[in-house]
Every structure is written in C-alpha cells, then in structure tokens.
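These are the residues of each chain, in order.
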Amino acid sequence: MRIVIVGMGKLGYAIAELLSKEEYEVVAVDRDAERLEAVKNTLDALTIMANGASPVTMNDVDVRGADLLIAVTDSDETNMVACSLAKKHRIHHTVARIRDVNLMSEAGAYLKKSFDIDLMLNPELITAREIYRILMTPAALDVEDFASGKVRLFEAKVRKDSKLANVPLKDLKIPPKVLAGMIFRDHQMIIPHGDDRLLPGDNAYFIGDPEAVTNFSQNFVRREARKLERVMIIGAGRTGRSLAPMLDKAGVQVKIIEKDRARSELVASSLSNGIAICGDGTSIDLLTEEDVKNADVVVCLTEDDKLNLMLALLAKHLGARETVVRVARAEYVSLMEKVGVDIALSARLLSASEVLAFVRRGGVVAVSLLEGAKAEAVEVIVQERAPVTGRPLKEVRLPRECLVCAYVRNGQAFIPNGDSVLRTGDRAVLFVQTQHAQQVMKYFKG
C-alpha cells in the first residue's frame, strides 16, 4: 500500500514513522528541505519537495494513484484542497487535519462531501476528549471504549500499598466480566496468566463490561482521594479551549490560566461557571493566589513540552493532588511519569491511532496505541472465512504476543477462554505487540 503524507511537521513525521515501521510504502511531501532531510536520514520513505496542494504535485508518478493521502500541514485550507485534488488524481482515500474545532462541528459533513475527505483529524480535540475521559474515571491512566461502548479498557498504576499487589491473579477477586489483559513492567509487555502477580509500579490493563470495569477500578483509588471538583488548566490553546467547556458542563469547577488576553477572553466566553485568568502560569505568586494547592488536578497544556513538565512539578510542589501533561514527543511520556507527573499524554500518538485504524481497515474499527506505541488495543470485526472463525481459540494458535480479551456478539459482550469460538461479524478486542500487529490481523481477515 502506497501512502502519501503531505506536511512533515511533528504530526506528519509521527504518522510517517509509525507507517514506515509497519512496512507501508510512504511518500513524504513538504516544501521545507530541512524537514525532508530529517525524514531521509531516519525513515524508510521517499521524499518529494513540493507544494502538496498543487495539481502538478498530484500528477507526480509517485503520488498519482496512491492508495491513501494524509494531509496534515498547519493549514486547514491546504489540507482540504490537497484531499480534493487527490481524489481527482485517482488516489482512493484521503485524511485531512482540520484544526478549527468550529469548522469540524458546524460544517464537518459538508467538508467531507465537498472536498472528498474520508477522515478528518483534529489532534487538539482528540486530546481534550481523552483527558476528559481519564479525569472522569478515578485512578485511570487511560480509558478507552470499544464496540460502541460495550467494552471498556482501563489502565492503572499499581501502588505500593495496593491490596492487589503481590497476589497471584488466580487468587484475586476479579469480577467475571473483567479480565486482567496486560501488564507493562520495565518496558516489557506481559500477557498475564493465573500465577502471575501485579507488582508495585506496574501499569495494569483491565478490560470488560463498562460497569464492571468502573466498579473494579475503585480498587486503585487512594483512600484519601476526593471526588473531582476543581481543575486548573494552564494554557488556553485549542486543547485547553476544548477541554474547559467539557469539564464545565460536567459540573467541575474550572479555572484556566492563559497569558494571551485574546485566548483568555475566547475561552471565558465558552464557560458557564468556570473562570479564565489572564496571567503567567509559571508565576508562583499567581498559582498560590489562585489556590493551586486545593486543585484536584492541574492540566498543563502549553505548546512547550519542557514548560509543561516544569509547570506540573511546580504545581505538585505547591500542593496540587494530581497533574496531567500534554506532550508532543511520545518518547517524553515515560520520562515525565518517572519524575513525578501522574499522567502524560502524547497528542501525536492519539491522532496516529486514528490514522492507523483507517489505514488497516479490512475490519479494523479502532486502534489505541499503548505504552508509547509498544503495544496496541485493537477492535476488529471478524471477517468471513477468517482463520480464527469456527474453531476454539486454543486451537487457532494465535501468536504469543496477542490476546483476545473480549468480543461482542448480538450486542452482548463476553470475556473469552480457550474454548470460546469466534464467528463472522463478531467484534473482537485484542491486546497485541505493535511489531506483531500486521501478522495478527491476518487471523481475523477473510
């Protein structure tokens, strides 16, 4: 499959890196020679220095007739034009980055139809929604819903004082509708069995019925934890302006700090009860004056990764209970968590997950990249005549790096065992190591 990516900024590079590792034929297009040089030196990809929204570029022999075009420049208009031109030059599918939230919400259907866009990406909105889901689920490092909300994934850090630590999984009272699906320990993925134990510091992933998972998640909530009531957000960029109204509507007291007056006024107009403060979020005096010590969560959303880290550590020092940091570089996630940040999210990986699900298609409904893209949670519709159908899972001999952790049939979710048999049309949710994902998907495709 040949995939053309227009725009080799941070998001474009992250998508190109992910797709090239999966051995897709990647063509990178940009007008910036330095960006293309970085691609040449690090990725297995063809580079073209050109205007991605030009008919001349679309007529290039390496672009025309490609399977997919992904336009992720900083200009919404350029991305829309590139997608429209792509379809006219026999490129089968298109993805466009649309950063204007209002444009997506008010004219999304029109844009898709008029500019022949198959998938629209808004990284800032995707990140805001992810942070909102996590904040509304106590103790969660990550929360994902699959199969139209019939299956929920919950990730949590195992604390030293956890009553679940150091006990064989077979001896834990895990509800029958919940499965301990995966453990990440020392950067290694573990598919757990009955004799395995959760150890302090592990990232544990549980999956199953949403209500059962939510109830079970209370085991990871600190005794002194309070209900989420007060959230301070530092940075009123697109992500901050999307997140603040979500929390405000949920009845959370929101206080957002932004030094740019225009942004402050813009976000203030979207809040019913929350407040926006025009000021410097790095000021200890301002943070103290705005009572950061009593914030349940401080969310750092500036456009500078290093500044976000500093702000999170400062907020912790001043007494904030928890911190959430948005980072651009995925490799910073584990580092930030090691030095005291409670939750670090990579906006690029969240967007890349949606692109990856679209690229794979063939029954793949959703992909969630976990642990810096070392592992994935994948929702796939079992295809007719797929190798996995009609046989007990224990006889299918799936790769060791894969676990079928749930499936949905006729609207009902099930936790499978070795005797379970998948049928055509079932929605299966899998844990799989990213490097083996392509191999595993073959078992579920016709």
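Fair warning: this is a prediction, and the values are worked out from it, not measured in the lab.

Looking now at the overall build of the chain. Scanning the chain from N- to C-terminus turns up 15 helices and 22 strands. Relative to the compact-globule value of 22 Å for 446 residues, the chain shows a C-alpha radius of gyration of 22 Å, a close match. Out of the 446 residues belonging to the chain, those deemed buried represent 54%. Taking contacts inside the chain between residues at least 6 apart in sequence as the whole, the part at least 24 apart equals 61%. Element-wise, carbon and sulfur atoms account for 47% of the exposed surface of the chain, whose accessible area totals about 20,500 Å². For the chain, the centre of its 60 positive side-chain charges and the centre of its 61 negative side-chain charges are spaced 4 Å apart.

On the basis of which strands lie adjacent, the open sheet formed by six strands has the order β14-β13-β12-β15-β16-β17 and parallel pairing. Two strands close off the open sheet at either side, each with one partner strand: β14 (275-278) and β17 (343-346). Taking the axes of each pair of neighbouring strands and ignoring which way they run, one obtains an average angle of 15 degrees across the sheet. Pairing of strand β16 (residues 322-327) with β17, which is carried by four bridges, proceeds in the parallel orientation.

A word on the side chain of Asp76. Along the chain, Asp76 falls in helix α4 (residues 76-88). One polar contact links the side chain of Asp76 to the main-chain amide nitrogen of Arg99, over a distance of 2.8 Å. Other than its neighbours up to four places away in sequence, Asp76 contacts Arg97, Ile98, Arg99, Asp100 and Leu103.

Ranked by internal contacts, the top residues of the largest apolar core, which has 53 residues, are Ile5, Ile15, Leu19, Ile70 and Phe444. Counting residues per element, this core draws most heavily on helix α13 (residues 347-360), which supplies eight residues. In contact with Phe444, other than residues within four places in its own chain, are Val380, Ile381, Val382, Gln383, Ala386, Val388, Leu398, Val404, Leu422, Ala428 and Leu430. Core analysis: the next-biggest nonpolar cluster, separate from the first, contains 44 residues, Ala165, Ala204, Phe220 and Leu271 among them.

All chains considered together, the criterion is met by 24 salt bridges. With a shortest N-O distance of 3.9 Å, Arg99 and Asp74 are connected by a salt bridge. In this pair, Arg99 sits in the loop between β5 (93-97) and α5 (101-114) while Asp74 sits in the loop between β4 (68-71) and α4, placing the two residues 25 residues apart along the sequence. Under the relative-accessibility criterion, Asp74 is labelled exposed at 53%.

Along the polypeptide, Leu69 turns up in strand β4. For Leu69, a relative accessible area of 0% gives the class buried. Sequence-wise, Leu69 and Lys87 are 18 residues apart; in three dimensions their C-alpha atoms are separated by 9.1 Å. Look past the residues within four positions of Leu69 in its chain and what remains in contact with it is Val4, Val6, Met58, Ala82, Cys83, Ala86, Ile91, His93, Thr94 and Val95.

Attention now goes to unusual backbone geometry. Trans is the common state for peptide bonds, and a negative phi is the common state for residues other than glycine. Residue Asp291 is not a glycine yet carries a positive backbone phi of 65 degrees. Along the chain, Asp291 falls in the loop between α10 (284-289) and β15 (297-300). For Asp291, a relative accessible area of 32% puts it in the partly exposed group. In the Ramachandran plot, Asn410 falls in the positive-phi region, its phi being about 55 degrees despite a non-glycine side chain. The residue Asn410 is located in the loop between β20 (402-409) and β21 (412-414) in this model.

Let us look at the packing of aromatic side chains. Applying the stated rule across the entire model yields six aromatic pairs. Both rings, one in Tyr407 and one in Phe414, keep their centres 5.2 Å apart while their planes meet at 25 degrees; by these two values the pair is stacked. Relative accessible area serves as the criterion here: at 8%, Tyr407 is assigned to the buried category. Linked through ring pairs, Phe154, Phe206, Phe216 and Phe220 together constitute an aromatic cluster.

Viewed as axis vectors pointing N to C, helix α6 (residues 123-135) and helix α8 (residues 238-249) meet at an angle of 40 degrees, and their least axial separation amounts to 8 Å. With respect to each other, α6 and α8 are oriented oblique. Where α6 crosses over α8, the handedness of that crossing is right-handed. In this structure, α6 uses Glu124, Leu125, Thr127, Ala128, Arg129, Ile131, Tyr132 and Leu135 to contact α8, whose residues at the interface are Arg238, Thr239, Ser242, Leu243, Met246 and Leu247. A class-by-class count of the residues in the contact of α6 with α8 yields eight nonpolar, three polar and three charged.

What counts and how
- Residues numbered from 1 in each chain as written.
- Predicted model: local features only at pLDDT ≥ 70, side-chain atom pairs only at ≥ 80, totals over all residues.
- Heavy atoms only, no water.
- Helix = DSSP H or I, 4+ residues; strand = E, 2+ residues; numbered from the N terminus.
- Rg over C-alpha atoms; globule rule 2.2 N^0.38 Å.
- Buried < 20%, exposed > 50% of the residue type's maximum accessible area, 1.4 Å probe, protein only.
- Contact = heavy atoms within 4.5 Å.
- Areas by Shrake-Rupley, 256 points an atom, 1.4 Å probe, with all protein chains shown as cover.
- Lys, Arg positive; Asp, Glu negative; His and termini not counted.
- Charge placed at Lys NZ, Arg CZ, Asp CG, Glu CD.
- Pairing = 2+ DSSP bridges.
- Axes fitted to C-alpha atoms, helices over the stretch in contact; angles between N-to-C directions.
- Polar contact = N/O pair within 3.5 Å; in protein donor to acceptor, adjacent residues only side chain to side chain.
- Core = buried A, V, L, I, M, F, W, Y, C linked by side-chain atoms within 4.5 Å.
- Salt bridge = Lys/Arg side-chain N within 4 Å of Asp/Glu carboxyl O.
- Phe/Tyr/Trp six-rings, centres within 6.5 Å; stacked < 30°, edge-to-face > 60°.
- Parallel < 35°, antiparallel > 145°, perpendicular 65-115°, else oblique.
- Left-handed = near helix turned anticlockwise from the far one by under 90°.
- Nonpolar A, V, L, I, M, F, W, Y, C, P; charged D, E, K, R; others polar.

Remember, this is a structural readout, not a statement about activity or role.
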